[in-house]
Amino acid sequence: MQALTVRLRQNEPRGLVTFEDLGLYRLLATPQGRREARAFVEDWLGALLAYDADRQADLVHTLGTYLDHSGNYDDTAAALHIHRSTLRYRLQRIRELSGHDLAHADTRLNLHVAVRAAVVADPPGAGS
């Protein structure tokens, strides 16, 4: 059931995945893990999620795509179907709103985990 929950919450919910194949999500797919994931996501992405919700922006998705493409501007812009200058602007907004420096490896790791953890995190108000 946990593997199904993770699969259904991903961008591409089709296909088969087993619990053993979940990787990082194995740590987050339990009820306790989802609660911890929610707190982690809020710590690292809270400002961006609020901005996205208020302005119908897509900064968290932009950040996730940027991190998925190892910080490559050309590949990220192509994947998002936007111009490099638009990507540069969005990344600057991400830096300003989050207060995180994307040049630091540990910061990028935590942000990437937070973007992934958001897939399984309990929604606000669910459990404690």
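Source: prediction; values computed, not measured.

(A) Seen up close, the packing of aromatic side chains. Applying the stated rule across the entire model yields two aromatic pairs. With centroids separated by 6.3 Å and ring planes inclined at 40 degrees, the aromatic side chains of phenylalanine 40 and tryptophan 44 adopt a geometry described as tilted. Here the residue phenylalanine 40 and the residue tryptophan 44 both occupy positions in helix 3 (residues 31-55), the gap between them amounting to four residues, near one helical turn. Relative to tyrosine 73, the ring of tyrosine 66 lies with its centre 6.0 Å away and its plane at 85 degrees, an arrangement referred to as edge-to-face. For the pair shown, tyrosine 66 and tyrosine 73 are each scored as buried.

(B) Seen up close, unusual backbone geometry. Of note in this structure, glutamine 56 is not a glycine but carries a positive phi near 50 degrees. Among the structural elements, glutamine 56 can be located in the loop between helix 3 and helix 4 (59-68). Look at glutamine 56 and you get exposed, because its relative accessible area is 66%. Although it is not a glycine, serine 70 sits at a positive phi angle of roughly 55 degrees. Assignment of secondary structure puts serine 70 in the loop between helix 4 and helix 5 (73-80). Residue serine 70 is classed as exposed on the basis of its relative accessible area, which comes to 72%.

The rules behind these values
Residues numbered from 1 in each chain as written. Predicted model: local features only at pLDDT ≥ 70, side-chain atom pairs only at ≥ 80, totals over all residues. Heavy atoms only, no water. Phe/Tyr/Trp six-rings, centres within 6.5 Å; stacked < 30°, edge-to-face > 60°. Helix = DSSP H or I, 4+ residues; strand = E, 2+ residues; numbered from the N terminus. Buried < 20%, exposed > 50% of the residue type's maximum accessible area, 1.4 Å probe, protein only.

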